[in-house]
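Residue-level structure breakdown
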Amino acid sequence: MNPKQIVAILLVALSAPLSLSAQSFRLLLNKESGVYGKGERAVIMCHMDSLTADSLTVRVAVNNQLQREERLLPQHQAFALFDAAIDSTCAVSLEVSGKGAPEGIGFVVAPEGFRAGYEEPADLMDYWNNQKALLRALPMQVKKTTLEVPEQYQGKFVCDDIEINCLGPAPVRAYMAKPVKAQKGSLPIVILCRAAGVSGAWCRCQVGECVGNAALGNGALSLDLNAHGMLNGQHDDYYRMLENGLLHNYYDHNAADRETYYFRGMYLRLLRAIEFMTQQPEWDGKRILVIGESQGGGQAVAAAGLDSRVTAVVLNVPAMQDFGGARLGRRGGWPHPIESHKDLSADMLDATLPYFDGALLIRHSKAEIYCEIGLIDTTCPPSAVWSSLNGAPGPKTVNCVPFRTHAWPSGRLRPYWEEHFLHPREQFIANYLK
């Protein structure tokens, strides 16, 4: 069944004398996981708290491409918005909006059928092996500044502000924490990669978070890595200056040149950081866990694909996956370089992007993967993330959240998400680090 047929079925449902509340309603799937097999019946029900005379707008998208938008006047408090069995791989999302905030829900059909839009370049790993050789040839120089840790960790953990020289325009800058009395060869490595942006708190290294990760399991070597090689612990004005200047729309920089594309420097800083961490005498020589959300998840995939010592990654709505999906009529992963670079030719982009596409890099990973996907995420679309995961050779745990956009769920959905998705992710990390 193609996208037009899917939309046609939806509109047949809407043409019936149905009812919907314009203010307070819930959308529910007949399958909690939101993952269906080919030919399996998918039903989206709408449950209204009350009826009003206001009409609603219903939008349906397939593989994050809007297919149809309709308005309807509710007649009942509960009714089916969608009822169909689809026999092809796809991601379907539905949004209903009235006077209040819109409500959305999504599902995937046979997600194992998603494939990366780009073919892997024959010299993909040759390119990165050469980059790593250049990196190893640069003698490592490290600067450390000891930081004060939160009161509850004092005397038990230490934390340093780290700067490491690197190829490219910026050094590695990060916080590193570890238990005070850690024995040689006793600790796993935990690396936290930061999400997209420059000035937000989520983009910056945090002492409390870094030390908190060092306290996981029986203790860990913890690194909190900012993506840009920025100075840590600076005044807000410093980060706003970078955001509006040197790092303005950094993700678009030099997308037609693989030697200067912004993500080359980001990935090299990550590889340099891993090399530094593996030189620490406390490392157990076995476990390296990389954690990341959005852009951080994209970095975690790159780490696993480019360094075989990475043994596990925790990905939360990962970015930089399946850039080439846009070549197949889907929305690619953030930062959507094909969709956004209208001034660059396809040949120019296609000569660069595959070398940084997580959907290709992940094929060279040995890591165990734990991943959360938002099924109404338009920033890191489910089709893009699945296209990447399907190429990963290691064991995978994948949790799809039918009601999740790119952001963490809020309001009445937050407690359910925390119980069924956030806490299991935290438990996976805790168990892995025991």
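Residues numbered from 1 in each chain as written. Predicted model: local features only at pLDDT ≥ 70, side-chain atom pairs only at ≥ 80, totals over all residues. Heavy atoms only, no water.

1. Focus: helix α6 (residues 295–306)
Helix length check: α6, at 12 residues, gives a terminal C-alpha distance of 16 Å against a target of 16 Å (1.5 Å per residue), a fit within 8%. Of all the 12 residues making up α6, 12 are buried; the element is thus mostly covered by neighbouring parts of the structure. All buried positions along α6 are accounted for by Gln-295, Gly-296, Gly-297, Gly-298, Gln-299, Ala-300, Val-301, Ala-302, Ala-303, Ala-304, Gly-305 and Leu-306. On the buried face of α6, the contacting elements are α2 (124–137), β12 (187–193), α5 (262–278), β14 (283–293), β15 (312–316) and α9 (358–361). (Helix = DSSP H or I, 4+ residues; strand = E, 2+ residues; numbered from the N terminus. Expected span 1.5 Å × (residues − 1). Buried < 20%, exposed > 50% of the residue type's maximum accessible area, 1.4 Å probe, protein only. Contact = heavy atoms within 4.5 Å.)

2. A short note on the pattern of salt bridges
Under the definition given, this model contains 25 salt bridges. Across the pair Glu-372 and Arg-425 runs a salt bridge whose closest N-O atoms are separated by 2.9 Å. In this pair, Glu-372 is assigned in strand β16 (residues 368–374) and Arg-425 in helix α11 (residues 414–432), connecting sequence segments 53 residues apart. By relative accessible area, which is 2% here, Glu-372 ends up buried. Between Glu-418 and Arg-414 there is a salt bridge; the shortest N-O distance is 3.0 Å. (Salt bridge = Lys/Arg side-chain N within 4 Å of Asp/Glu carboxyl O.)

3. Some words on the packing of aromatic side chains
Counted according to the given criterion, the structure contains 23 aromatic pairs. Ring geometry for Phe-263 versus Tyr-267: centroids 6.3 Å apart, planes at 40 degrees, classification tilted. One end of the pair is Phe-263 and the other is Tyr-267, both in helix α5 and 4 residues apart, which spans about a single turn. Of the two residues, Phe-263 and Tyr-267, both sit in the buried class. (Phe/Tyr/Trp six-rings, centres within 6.5 Å; stacked < 30°, edge-to-face > 60°.)

4. Section: the sheet that holds strand β1 (residues 25–29)
Across the sheet, which stays open at both edges, the 3 strands sit in the order β1-β3-β6 with antiparallel pairing between neighbours. Looking at strand neighbours, the two that pair on one side only are β1 and β6 (78–85), the edges of this open sheet. Going across the sheet, the axis of each strand differs from the next one's by a mean of 15 degrees, ignoring polarity. In the sheet, β1 pairs with strand β3 (residues 41–48) via 5 bridges, with the strands oriented antiparallel. What sits directly across from Phe-25, in β3, is Met-48. (Pairing = 2+ DSSP bridges. Axes fitted to C-alpha atoms, helices over the stretch in contact; angles between N-to-C directions.)

5. Section: the environment of Ser-199
Here Ser-199 shows up in the loop between β12 and α3 (207–214). Ser-199 gets classed as buried once you look at its relative accessible area, which sits at 17%. Placed 14 residues apart in sequence, Ser-199 and Asn-213 show a C-alpha to C-alpha distance of 22 Å. Filtering out sequence-adjacent residues up to four positions away, Ser-199 remains in contact with Arg-204, Tyr-239, Arg-240 and Glu-243. Polar side-chain contacts of Ser-199 include one of 2.7 Å to the side chain of Glu-243. (Polar contact = N/O pair within 3.5 Å; in protein donor to acceptor, adjacent residues only side chain to side chain.)

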